[in-house]
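# Structural features, examined
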Amino acid sequence: MRQLVTYGQPLETSIGFSRACRVGNHVAVSGTAPIAPDGGVAAPGDMYGQTRRCLEIIADVLAQAGASMAHVVKTRVLVTDISRWAEAARAHGEFFADVKPASLFAEVSRFIHPDWLVEVEAEAIIPD
């Protein structure tokens, strides 16, 4: 069984992707950008704030798929300036201090929107 979770963001339709896809007990969450509730960019210029927003979206999407942040086994945090990794890591630690998933922090040259500083992906496995 395949369950698709969308988040109502325009790029989901134009690119043709789901915010998350659950197959069995595995949930894969797409690269999640810091989209504000109004559709704009959350926390412009603030790496920590943008990372928190990405993780808030991921938590919501996981819940829609029947999972939680406690089920996350891997994250990928992509930033546009690796010298600011600790700001993103602080937000990551607030969500995952007890979970401690496998994780990657890496620098990319840019994202679709020039004001996005970070995107986060996650994978979760829901226990049987």
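Further up the page is the structure itself.
An account of the accompanying structure is given in this report. (Residues numbered from 1 in each chain as written. Predicted model: local features only at pLDDT ≥ 70, side-chain atom pairs only at ≥ 80, totals over all residues. Heavy atoms only, no water.)

## Regarding the packing of aromatic side chains
- Counted according to the given criterion, the structure contains one aromatic pair.
- For the ring pair Trp85 and Phe105, a centre distance of 6.4 Å and an interplane angle of 80° mean the geometry is edge-to-face. Highlighted residues: Trp85 in helix 3 (residues 85-96) and Phe105 in strand 5 (residues 102-107), separated in sequence by 20 residues.
- Given the relative accessible area of 26%, Phe105 is considered partly exposed.
- Over the ring of Tyr48 we find Arg90; its NZ or CZ atom is 3.6 Å from the centre of that ring. (Phe/Tyr/Trp six-rings, centres within 6.5 Å; stacked < 30°, edge-to-face > 60°. Helix = DSSP H or I, 4+ residues; strand = E, 2+ residues; numbered from the N terminus. Buried < 20%, exposed > 50% of the residue type's maximum accessible area, 1.4 Å probe, protein only. Lys NZ or Arg CZ within 6 Å of the ring centre and 35° of its normal.)

## Concerning helix 2 (residues 47-64)
- The end-to-end C-alpha separation of helix 2 is 26 Å, in line with the 26 Å expected for 18 residues at 1.5 Å each.
- Taken together, the buried residues of helix 2 touch strand 1 (2-5), strand 2 (20-23), strand 3 (26-32), strand 4 (72-79), helix 3 and strand 6 (118-125).
- Regarding helix 2, its N-cap is Asp46, as a side-chain oxygen of that residue lies 3.1 Å from the backbone nitrogen of Tyr48 further along.
- Phi turns positive one or two residues past the end of helix 2, at Gly66, with a value near 85°. (Expected span 1.5 Å × (residues − 1). Contact = heavy atoms within 4.5 Å. Polar contact = N/O pair within 3.5 Å; in protein donor to acceptor, adjacent residues only side chain to side chain.)

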